[in-house]
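Here's the letter readout for the chains.
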Amino acid sequence: MPEHAPTLQLIGVTVLAVAAVAWAGVLLRLLRRAGLRAGASGARRRTVPLPAVPRQTRVGPPRESVELTPAEQDAFAGLVRHLASG
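Fair warning: this is a prediction, and the values are worked out from it, not measured in the lab.

*Asks:* Teacher, can you tell me more about the overall build of the protein chain here?
*Replies:* Summing up its helical and strand segments, the protein chain has two helices and two strands in all. The helix and strand sequence of the protein chain, counted from the amino end, reads α-β-β-α. Relative to its 86 residues, the protein chain shows a buried fraction of 2%. Counting only carbon and sulfur atoms, one obtains 64% of the accessible surface of the protein chain, whose full area is about 8,600 Å².

*Asks:* How do you make sense of a nonpolar patch on the surface when you look at a structure like this?
*Replies:* Residues Trp23, Leu27, Leu28 and Leu31 make up a contiguous nonpolar surface patch of about 390 Å² in total accessible area. Relative to the helices and strands, Leu27 is located in helix α1 (residues 7-34).

*Asks:* Please clarify how the confidence of the model for the protein chain should be interpreted in this entry.
*Replies:* Low-pLDDT portions of the prediction should not be read for the details of their coordinates. Taken over all residues, the pLDDT of the protein chain has a mean of 82, while the share at 70 or more is 80%. Between the elements of the protein chain, mean pLDDT differs from a low of 52, seen in strand β1 (residues 37-39), to a high of 94, seen in helix α2 (residues 70-85).

*Asks:* Help me out: how do you make sense of α1 in this one?
*Replies:* Every α-helical turn comprises 3.6 residues, leaving residues that sit three or four positions apart pointing alike. Taking 1.5 Å per residue, 28 residues should reach 40 Å; α1 reaches 41 Å between its end C-alpha atoms and fits that length. Just downstream of α1, Gly35 is the residue with a positive phi angle, here 100°.

*Asks:* Explain α2 here, please?
*Replies:* The end-to-end C-alpha distance of α2 is 23 Å, a good match for the 22 Å that 16 residues give at a rise of 1.5 Å each. Where burial is concerned, little of α2 is hidden: zero out of the 16 residues are buried.

Conventions used here
Residues numbered from 1 in each chain as written. Predicted model: local features only at pLDDT ≥ 70, side-chain atom pairs only at ≥ 80, totals over all residues. Heavy atoms only, no water. Helix = DSSP H or I, 4+ residues; strand = E, 2+ residues; numbered from the N terminus. Buried < 20%, exposed > 50% of the residue type's maximum accessible area, 1.4 Å probe, protein only. Areas by Shrake-Rupley, 256 points an atom, 1.4 Å probe, with all protein chains shown as cover. Patch = residues over 30% accessible without salt bridge, like charges linked within 9 Å, V, L, I, M, F, W, Y side chains within 5 Å. Salt bridge = Lys/Arg side-chain N within 4 Å of Asp/Glu carboxyl O. pLDDT = per-residue confidence, 0-100. Expected span 1.5 Å × (residues − 1).

In structure tokens, the structure reads:
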């Protein structure tokens, strides 16, 4: 035990070291459970999605498109040129 370090400081360092080891253990366990494993090529993911993340579904109307007349195309091109020039 170093003579210049108070007892409470040594206890604090010990508590922080134990907390860091516990945090690292929990983090590794969560990563293993999520399917991340360090291998020769780095971290790999399983193809199965995480059970806590819900599957995304498309909500809303389907995409629509409208053909522009030649006059509307010219007007749009003029507007784009006007906005591009400043």
